[in-house]
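A look at the structure
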Amino acid sequence: MYVRDAKNREEVWLLDHIEAMELDDTAFRSRDYVVAIDEASGAKAGFGRIRIHKGDDERADVCELTSIGVLENWRGQGVGAHVVERLLEYASDAGFEEVYSLTGQSAYLAQFGFERIDESALPAKLRKRLEEKRGRTDPDAVPLRIETGTFRMPEHLRESFKDASEHGGEPADEESPEDFGIDTETATYKYDTGR
């Protein structure tokens, strides 16, 4: 399993999953995303984005972590954690010391060091964005912030990511005769092939 930059050809896949998960697609650009990929199968497991809000002459640019999604069969295996880690590395490499997130999933991000902040502490662009996000996709969104150098990965997520599999290590449910109301001890074949 690894995390890499999204490719232009993955735009439709990203938009489909963003819509299905009811995530924010405002100002969508596939090049802002990263995608978690299973090395063995090539399957896509999750994705996320950093969005840079350009400042004007007096205000600095602001970096926002947004639209983190993990496909259901890959959840609980550190996929989202590694997506967040990669995005924060990119933000740090771009010179950002702080990254913000506006989400209703604050407990998830708190395990990495994100802290809830008062709305008044948000840069003006993100205060407006928080209102928009609450109205469009995430009515429970709250502002969070992290200093890029303080990110911490829980060890169990780092380890589970190494062995992540599409079904979380559990076999897929297979249909059995009992699922169709068939008693296998008394059932007979309906068709006699004559052999």
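Every chain's residues receive numbers from 1 upward, in the order its sequence appears when written. Residues qualify for local features only when their pLDDT is at least 70, as the model is predicted, and side-chain atom pairs are given and counted only at 80 or more; totals for whole chains, interfaces and linings, by contrast, use all residues. Computation of side-chain values covers all heavy atoms of the structure but excludes hydrogens and water.

**Examining the layout of surface pockets**
Over the atoms, a rolling probe the size of a water molecule traces out where space has been left empty. Counted as a void, the largest pocket has a volume near 670 Å³. Lining of the largest pocket is provided by 31 residues; of these, L23, I68, G69, T103 and Q105 occupy positions nearest its centre. Numbered from the N terminus, helices here are DSSP runs of H or I no shorter than four residues, and strands are runs of E no shorter than two. Listing elements by their share of the lining of the largest pocket, those giving two or more residues are β4 (62-70), α2 (79-93), β5 (98-103) and α3 (106-110). Looking at the lining of the largest pocket, the element that brings in the most residues is β4, giving six residues. Each residue is assigned to one class: nonpolar for Ala, Val, Leu, Ile, Met, Phe, Trp, Tyr, Cys and Pro, charged for Asp, Glu, Lys and Arg, and polar for all the others, Gly among them. Of the residues that constitute the lining of the largest pocket, the class distribution is twelve nonpolar, 13 polar and six charged. The definitions used throughout rest on a 1 Å grid laid over the protein atoms alone, on which a cavity is an enclosed set of points accommodating a 1.4 Å probe that cannot get out and a pocket is an open set flanked by protein within 12 Å on both sides along at least five of seven lines; lining residues are those having an atom within 4 Å of a point. Grid points are joined across faces, edges and corners, and a volume is the space filled by probe spheres set on the points. By volume, the second largest pocket is sized at about 180 Å³. If you trace the second largest pocket, you find it lined by D5, R29, R31, D32, Y33, V34, I50, I52 and Y90. Sorting the residues of the lining of the second largest pocket by element identifies β2 (33-37) and β3 (44-53) as the ones contributing at least two each. Across the lining of the second largest pocket, the residue classes tally to five nonpolar, no polar and four charged.

**A short note on the pattern of salt bridges**
By salt bridge we mean one thing: a side-chain nitrogen of Lys or Arg within 4 Å of a carboxyl oxygen of Asp or Glu. Following the criterion strictly, the structure yields twelve salt bridges and no others. Two residues, R136 and D25, come together in a salt bridge whose shortest N-O distance is 3.1 Å. Remark: D25 occurs in the loop between α1 (11-20) and β2 and R136 occurs in helix α4 (residues 124-136); sequence separation between them is 111 residues. Partly exposed describes any residue whose relative accessible area lies between the buried limit of under 20% and the exposed limit of over 50%, with all areas from a 1.4 Å probe on protein chains only and scaled to the type maximum. Given the relative accessible area of 31%, D25 is considered partly exposed. Between E64 and R129 there is a salt bridge, with the nearest N and O atoms lying 2.7 Å from each other. Residue E64 is found in strand β4, and its partner R129 is found in helix α4; the two are separated by 65 residues along the sequence. Salt bridges sharing common partners tie together D24, D25, E64, R129 and R136.

**Thoughts on unusual backbone geometry**
One can expect most non-glycine residues to show negative phi and most peptide bonds to be in trans. Positive phi values are uncommon outside glycine, yet A27 reaches one of about 50 degrees. With respect to the element layout, A27 can be found in the loop between α1 and β2. A positive phi angle, close to 55 degrees, is found at S67, a residue other than glycine. Looking at where S67 falls in the secondary structure, it is placed in strand β4.

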